[in-house]
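Listed below, chain by chain, are the residues.
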Amino acid sequence: MAEGQRRPVGDAMIGSPHAAASRFERAMKKWSSLTMLTYGMAALGVGLLPLSMATSSAWGAPSASDAPATGTTRPEDPQTHPVQQTESQQASSPATTRQEPTAPETPRTAQDWSERGRYVAAAADCAACHTAPQGTAYAGGYAFELPIGTLYASNITPDKTHGIGNWTEAQFIRAVREGIRPDGASLYPAMPYPSYARMTDDDLHALYVYFMQGVQPVAQPVQANAIPWPLSMRFPLTLWRWAFAPSPEAARRTTTRPFADAELARGAYLVEGPGHCGACHTQRGIAMQEEALTAQDGPRYLAGGKAVDGWTPPSLRGEPRTGLGTWSVADITTFLKTGRNARGSAFGNMDSAVHHGTQYLSDADLTAMARYLKTLPAATPRQTDWKRSGAATKALQSGGQLTSGQRVYLDNCAACHRSNGAGYPSTFPPLADNPVVMNPAADSIIHIILTGATLQGTQSAPSAFTMPGFSGRLTDTQIAAVATFIRHAWGNNAPAVTDVDVRHMRARLSPARTQVAPPSPLQPAEKRATLPSPLQPASSGGRGQNPEKTNQPPAEKAPQPASFPPNSSSDTAHSPYSGGSETE
């Protein structure tokens, strides 16, 4: 945006979601009953989207009302971001003062801006939904099967016919921040613009430069959304935006709050803004809006989401059993960098988020995110600590009379996850003291037993490991028995699973409704280096593509996995979701 240029914005959500809901209710009274019914159905449908990933297809022609931008930006106003501390942290820490986040050095050339934009694209996980399986980077076409129909991710390459090549910078920024495409229509909130509204002018300018100059145009049309009328009407989404999506100004106000240091401010910006972690890890209200958009909105933020496509996003707050209470800053940083640590492994599309995004962030940024997450107190503060029980291990090792769940575990799971549930970190994740295993909802455990998953290789951990699916080998009753055993054993003490739960999940995971995670965008050979740190001057470099090697489970206690070709058929059911993140 040019110096001093200000874009007009729509109504802003200011205050709590309850105030926004009241405002939404007043607006809805002005519409006919048919419109209200249509909006309710549309809101329900879009809320069931993989809300952290996809955008709508064919975003429309540029609007004449949007003035072309000059390509220059204002230096971003110093910002601070919120953090909530526990009483013990507040007592032990010095008085909290307003601190400005450490801003990346302003790029000096177009190439530097493009390199920074490539980094921002990784932080925002743009590739994960705009690249179809075996498709070209950012060319769209990724299909999302929804109750209301099929939504196809848009082509965001600079192609002038099928992509965004004709978009001005102002139009691009408005779409990203406000969910309004160039023709004035609203985007489906599968595009996480309520979070992207927090992104700085410099980051969005860099992102625009990258997509226009650093991404190859692809003349690939995207299939039209297969959503029947009246659910295909977009005008109800305008009401949704007014009620639940903050304007950039409102978003900046709510995230400008005191911090103890600039590193925490940077971590809050990345988690609440481009990282859009709350899109999955925060529960949604009746209109499928996020109940909290930042930590300032209260303990519902990042307290765990409802099931999306069979995966239940766990809490990222301080619960000792079902959250990150016992994880250290180093544990979280390692997990975001490699997709694995001594406590668990990424699966579902948390694996995709690491593979496409967080593995490319600097150690400084990953540490900032981890430190910020560790300041979030438990949403359920009375949760008891996990305490190890040896009864299950003793039963498995005794060779005596075993329950059905114990027999299934011993025959199918113990070789990798061991009789004590400790696994072989960070090759095969532990099941004991695992937040996902102990989650009150068992969706993720049932899902992964049925379909399996592949932990992709990363720059820092290039080996890939596949857990096979057992849907064709075990009955619903057997899966329920082994899932119940895992959730009860070693001190986990989580609720039991029934065969009805398994049967319902199996029906939901039909081949037509499961997705395979798309590949990472390929970079030219000369750019296959680590992404530049946003805290240092940008330099040439690109994403590396590491060979992925899949390993079969070891027969001995100390694993020496033998390599075999990756099994693509086991990498199924990875619909866009940021949920099951701590265990296979």
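Quick notes on the rules
- Residues numbered from 1 in each chain as written.
- Predicted model: local features only at pLDDT ≥ 70, side-chain atom pairs only at ≥ 80, totals over all residues.
- Heavy atoms only, no water.
- Helix = DSSP H or I, 4+ residues; strand = E, 2+ residues; numbered from the N terminus.
- Contact = heavy atoms within 4.5 Å.
- Areas by Shrake-Rupley, 256 points an atom, 1.4 Å probe, with all protein chains shown as cover.
- Buried < 20%, exposed > 50% of the residue type's maximum accessible area, 1.4 Å probe, protein only.
- Axes fitted to C-alpha atoms, helices over the stretch in contact; angles between N-to-C directions.
- Parallel < 35°, antiparallel > 145°, perpendicular 65-115°, else oblique.
- Left-handed = near helix turned anticlockwise from the far one by under 90°.
- Nonpolar A, V, L, I, M, F, W, Y, C, P; charged D, E, K, R; others polar.
- pLDDT = per-residue confidence, 0-100.
- Pairing = 2+ DSSP bridges.
- Phe/Tyr/Trp six-rings, centres within 6.5 Å; stacked < 30°, edge-to-face > 60°.
- Lys NZ or Arg CZ within 6 Å of the ring centre and 35° of its normal.
- Salt bridge = Lys/Arg side-chain N within 4 Å of Asp/Glu carboxyl O.
- Core = buried A, V, L, I, M, F, W, Y, C linked by side-chain atoms within 4.5 Å.

## Thoughts on the overall build of the protein chain
Across its full length, the protein chain holds 21 helices and 8 strands. Nonlocal contacts in the protein chain, meaning residues at least 24 apart in sequence, comprise 74% of its contacts between residues at least 6 apart. Total accessible area on the protein chain stands at roughly 22,600 Å², and carbon and sulfur atoms take up 55% of it.

## Re helix 19 (residues 443-451)
Summarising burial for helix 19: 9 of the 9 residues are buried, a large majority. Of all the residues in helix 19, the buried ones are Asp443, Ser444, Ile445, Ile446, His447, Ile448, Ile449, Leu450 and Thr451. At the C-terminal side of helix 19, Gly452 shows a positive phi close to 70 degrees.

## Some details on the packing of helix 13 (residues 329-338) against helix 15 (residues 363-374)
Direction vectors running N to C along helix 13 and helix 15 enclose 130 degrees, while the axes themselves pass 8 Å from each other. Considering their axes alone, helix 13 and helix 15 lie oblique with respect to each other. The crossing of helix 13 and helix 15 is right-handed. Mapping the contact onto sequence places Val329, Ile332, Thr333, Leu336 and Lys337 in helix 13 and Asp363, Leu366, Thr367, Met369, Ala370, Arg371, Leu373 and Lys374 in helix 15. When the residues that make up the contact of helix 13 with helix 15 are grouped by side-chain class, the tally is 7 nonpolar, 2 polar and 4 charged.

## Here we look at the confidence of the model for the protein chain
Averaged over all residues, the pLDDT of the protein chain is 75; the fraction at 70 or higher stands at 69%. Counting contacts from residues 1-97, a segment whose pLDDT is below 50, to residues more than four positions away or on other chains yields 251 contacts. In the predicted structure, residues 512-518 sits below a pLDDT of 50 and forms 31 contacts with residues beyond four places in sequence or in another chain.

## Concerning the pairing of strand 6 (residues 463-467)
Counting buried positions along strand 6 gives 4 out of 5 residues, so the element sits mostly inside the fold. Sheet analysis places strand 5 (residues 453-455) next to strand 6, joined by 3 bridges and oriented antiparallel. Across the sheet, Leu455 pairs through a bridge with Phe465, a residue of strand 6.

## What about the packing of aromatic side chains?
Summed over all chains, the structure comprises 14 aromatic pairs. Ring centres 6.2 Å apart and planes at 55 degrees place the aromatic pair Phe172 and Phe211 in the tilted group. In this pair, Phe172 sits in helix 6 (residues 169-178) while Phe211 sits in helix 8 (residues 201-214), placing the two residues 39 residues apart along the sequence. Classification of Phe172 by relative accessible area gives buried; the value is 6%. When its relative accessible area of 3% is taken as the criterion, Phe211 is described as buried. Where Tyr424 meets Phe428, the ring centres are 6.4 Å apart and the plane angle is 75 degrees; that geometry is what we call edge-to-face. Like Phe428, Tyr424 is buried. Aromatic rings pair up to connect Tyr138, Phe172, Tyr208, Tyr210 and Phe211 into one cluster. In this arrangement the basic side chain of Arg418 is found over the ring face of Tyr424, its NZ or CZ atom lying 5.1 Å from the centre.

## Comments concerning helix 14 (residues 348-356)
Across the 9 residues that make up helix 14, a large majority, 9, are buried. The set of residues buried in helix 14 consists of Gly348, Asn349, Met350, Asp351, Ser352, Ala353, Val354, His355 and His356. Taken together, the buried residues of helix 14 touch helix 4 (110-123), helix 5 (127-130), helix 13 and strand 5.

## Describing the pattern of salt bridges
According to the stated counting rule, one finds 13 salt bridges in the structure shown. Among the ionic pairs, Arg177 bridges to Asp201, the shortest N-O distance being 2.7 Å. Taken together, the residues Arg177 in helix 6 and Asp201 in helix 8 connect sequence positions 24 residues apart. Side by side, Arg177 and Asp201 carry an identical accessibility label, which is buried. For Arg181, the salt bridge is made with Asp183, and the minimal N-O distance between the two is 2.8 Å. When salt bridges with common partners are traced through the structure, they connect Asp261, Glu263 and Arg371 into a single cluster.

## Quick look at the nonpolar core
Judged by nonpolar contacts, the single largest core of 62 residues is most densely connected at Tyr138, Phe172, Phe211, Val271, Leu302, Tyr372 and Leu373. Ranked by the residues each element gives to this core, the list is headed by helix 11 (residues 262-272), at 6 residues. Beyond its immediate sequence surroundings of up to four residues, Leu373 is in contact with Val271, Leu302, Leu316, Leu324 and Ile332. With 36 residues, the next largest nonpolar core counts Ala432, Val436, Val437 and Met505 among its residues.

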